[in-house]
Structure formats: structure tokens, C-alpha cells
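Summary of the model geometry
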Amino acid sequence: MSESTALTSSESTINDERATRRAKRKALIEQGINPYPISSTITAFARDLETQYGSLEDGAATEDSYTVAGRIRAYRRQGKVCFIVLEDKTGTIQLFLRINNMSEQDWNLLLQLDLGDIIQATGVIVRTRRGQLSVSVTKLVLLSKSVRPLPEKFHGLSDREIRYRQRYVDLIMNPEVRDVFRKRSHIISLIRRFMENQGYLEVETPMMHQILGGANARPFTTHFNALDCDFYLRIATELPLKRLIVGGMDRVFEIGRQFRNEGMDLTHNPEFTSMEAYCAYSNLQGMKELTEQMFQLIAQDVCGCEKGSEIITYQDKRVNMSGTWRSVALSDVASEVVGEKINMDTPVEHLRALCDKHEISWEESWGAGKLLFEIYDELGEQTLQDPTFVCDYPAEVSPLSKRKDEDPRLTDRFELVICGHEYANAFSELNDPVDQAQRFMAQVKAKGMGDDEAMGYDYDYVRALEYGMPPTGGIGYGIDRMIMLFCDQPSIRDVLLFPQMKPESISKDDIAAQVDNS
């Protein structure tokens, strides 16, 4: 059978099952039973009952009555007895139903139930002779009739696109996926509490910017009708946050969505979450210490590591986060991978030759700094496994960072790299308005020469710097990649509830199948 034939056959089976279930829905309504009642009651959850009655002996019964609710995951009827496995947010529990314990209406309701239905059951706690903790049901209520059958199997690479597109089914069928997103929520809360304990104030800045800035990236453009002008969805929160530093808000951070109109791969999604933080009177060393402490705290809390021994596993790789992390110059990493010493003093012609040798594209306008960065980015970054602060980025690729006193061709900047991927980008922030204005002009020139990712000239930001910004350390973290790391997930799509997908093709027949024409 061809794949297309198999898919057609599968869809046909689903539609037949949908028709059967819709008929049950209709029958319930005709009987005066609302298959989607407005209210429900829960007095206990599966895990709590397992804990509370863990010592109940086989065959024993209690008089303790509870009401539970959840989705039917298994259903077995044997004459005048029925067993249902009910799943709620904490786990599963068995429902034990006997005709003698229930009203005729509730017992007959069992005939209309299917796997996937959401029900409410009231009864006393018992343990069957076979040792299964159960609710012996006396009252049954249908809370939501499922008219589309759950898939029998939902694991494996072949289902990945369906899993991402229909995340709701993925969450139903794969408890481990729900665990990832619970961990995601916990990690973000942990980060927020950590930053607050460090004295940082959480703020919110605009999602739409008039001027492209804060990063080198291709933007999404939208039109602001009330102002009759185009705006960009933000690619970074950097410039608004640093305006707050100028205004005297010495420690600020923001966790939020960024939008970059670029490609998608295992570590990139056009819509992603970042955290940026800025600390007045700090510098790059302060950002290193902040980062080490935060990552080590997450490793302890989420991964169960002991303090001082923060060692985790990511995709079968051992990652040692304990202690003080290695710092290394970008040029040293680039030198290691090409097998010779290269730096800002290396002639441009030789750097171009090295790029050609390693099949790295380059452009005539690039200076030594940009060429050096490309060699590092294409070849060196992937060689770094344990947490490493890659420092001393060329000014040519760092328009918002302070230059180093000992070599103004380089900037006081680092990127945190773990397992060959970037997790954070930090600067000793540029606060010289004249230098900043000149760098903005260089970006404008680059944009005029066809660089779609170059920034615009932000007059107001330079004006803010002219009032004076104290020495400031700043950093941005890729939150989604951090979730990948601490949840041991191979793809950014596995830590985004709704990753970007190609539009689904929906036909009129598909819509007609959902519409009740009765």
C-alpha cells in the first residue's frame, strides 16, 4: 500500500469513527443530557489519592467519597461491571463501576462513552483484590464528548509534523511532553525569582519599534494604522532597556518574545523568547558571574545536581557547569580550528584565503574583524562543549559594545557557548554617544550596501546617551535554548508549545466534515 493510500484509508477510518461519535452526541442531546455541561466538580486528584491510600490493603474498602474528573484513557466492560482508566493532570486512577451501585441513567451513559471523553465520577475509595486502587463509582457525569478519536500510536519521527501542528494531541498522548512544558514554566519562574533576588526590576518595553535596533537581524514589518507608518516587530529589547539605565533604573530585565524574519532549524525559530538584563556600574565580569550563578541554580533545582557539582547530560554529552567557567578569545578559538595563529593583525588577503580553503563565503567589504568572526562562527563554535565564554569580538561585528582599552579594534564582549551553541551574548555596554553615533552611521552605510540585517540610525538613543549612561554590563539569554539544554531536548520545536509551521492545506470538504448539516 502506498503512503498516500494509507493516509487516505486512515482519514476514512477517522471520519467513520467521527460519524459514530457524533451520532452518540446527538442521541445524548435527544435524551436531555447535555454532553458539554457548564459546570464540574473536583475534590481529589489521582496522585493525591495514591499517596493518601498507598497503605490500603488488597480487597479493602473505605467510606471516603471523592469526586474526580479527567479523560478516559482505557475502557473495559464485562457484563454488569466496567473498568475505566481516568487520567487527570497528576496521573491516572481506575474507576470501578457496577450496575448495582449506579442509577439506571448513569449506567446507560456508559454505552455512549468513548476513549478520549472527559468525565466526572463520584465514589468511595477501594482497593480491588488484584491490588488496584480505585474509585467505586456511584455517580457519573459526562463533561465533554470527544467526537474525534485519539490516535492509537503517536510516537516516532514520522509523526513529528503532526505533533508540532496538533500540539494538543501531542500533549494528550505523550505525558513526557507535558513534563517538558511544566519544566519550562518552572525554569522561567526560577529565572525570574533569581533576577529579583539579585536586585533586578522586571519591566516591559514596546513590541513594535519605529527603528530597527539592538541586534543584526532581518525584521518582520507591520503597519500602524493610527499613525499611518510602518513599524518593526522587535528583534531585541536592548535599546529601550538601556534608556532605562540612563533614567536611573540601575538594574532592569525583561523576559519576552522577539521576532526575526529568518530561517528555522534545530536552534532557531522566527518567534522566540529571550531575557535581556542590564546592570549599571557593572561590566563583563559581572555578567559572567550572573550567568554562572543562574545556570548552576537551574541545574541544582531542575536537574537535581548537588551544589558545586553541577554536571548534566545533554544529548548524551556530559556538560560540567560547576566552578568558574573557561574564558577564551575568539581569535584563539579560530586559530585552533585552522591550525595557525590568526588575529586582527593577520592580513585580510590571508584571512580570505583561509575562508576559501574552508568553503566559507566572504564579501569584498569585510575587514579582518568580520572575516575572523566568520571563521570562528563557521568552524570554531561547534568545537566548544563545556560552558565557555568566548571573548574579544571584533568591533566590526559588535556595534553596541565598548571597545577594549588595549586594542580598540576589539570589544569587551562575550558569547556563552555550550555544546556548540550560543546561549548568551554580553557586552560592557557602549556609553560614548559620539562613538555610538559613528557606529550607527556605519550600520546605515551597510544597509545602503544591501545588508538587510543592519540597524538603523536611532537618533533618540544617541540623545539618551548624551545625557550620560553609567558604565553598564548587559546580557541577553536565549530562553528557548536554555530550556532545550536543561530538558535535554534536541530541537527548539520540542520546547515551543506552538512552533512556526507551514500553513496547513484545508479544503472545503474538510470544513464540511466539521459542520453539522443535520
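Under an unreviewed UniProt entry, the name given to the chain is Lysine--tRNA ligase, and the organism recorded is Fannyhessea vaginae DSM 15829. Checking UniProt for the chain, the heading Sequence similarities (unreviewed entry) contains the comment "Belongs to the class-II aminoacyl-tRNA synthetase family."

Examining the domain arrangement of the chain
As far as domains go, the chain holds domain 1 (20-150) and domain 2 (175-325 + 386-494). Placing a centre on the C-alpha atoms of domain 1 and another on those of domain 2 gives a separation of 49 Å.

Section: the sheet that holds strand 1 (residues 61-78)
The mixed closed barrel is built from five strands, whose spatial order is 1-2-3-5-4. In this sheet, neighbouring strand axes are inclined to one another by 50° on average, regardless of whether the strands run parallel or antiparallel. One ladder, built from ten bridges, connects strand 4 (residues 118-127) with strand 5 (residues 133-144); its direction is antiparallel. Looking across to strand 5, one finds that Ile119 is bridged to Leu142.

Looking at the sheet that holds strand 7 (residues 208-209)
Taken together, three strands build an open sheet; the order of strands is 7-9-8 and the sheet is antiparallel. The open sheet terminates on both sides in strands that have one partner only, identified here as strand 7 and strand 8 (221-224). Sheet analysis places strand 8 next to strand 9 (residues 229-233), joined by four bridges and oriented antiparallel. Along strand 9, the bridge assignment pairs Thr222 with Phe231.

What about the confidence of the model for the chain?
Per-residue pLDDT for the chain has a mean of 92; in total, 95% of the residues score no lower than 70. For residues 1-8, every residue scores under 50 in pLDDT, and the model assigns this stretch one contact once sequence neighbours within four places are set aside.

Thresholds applied
- Residues numbered from 1 in each chain as written.
- Predicted model: local features only at pLDDT ≥ 70, side-chain atom pairs only at ≥ 80, totals over all residues.
- Heavy atoms only, no water.
- UniProt positions renumbered as here; feature names shortened; annotations may be inferred.
- Domains from an automatic or database assignment.
- Pairing = 2+ DSSP bridges.
- Helix = DSSP H or I, 4+ residues; strand = E, 2+ residues; numbered from the N terminus.
- Axes fitted to C-alpha atoms, helices over the stretch in contact; angles between N-to-C directions.
- pLDDT = per-residue confidence, 0-100.
- Contact = heavy atoms within 4.5 Å.

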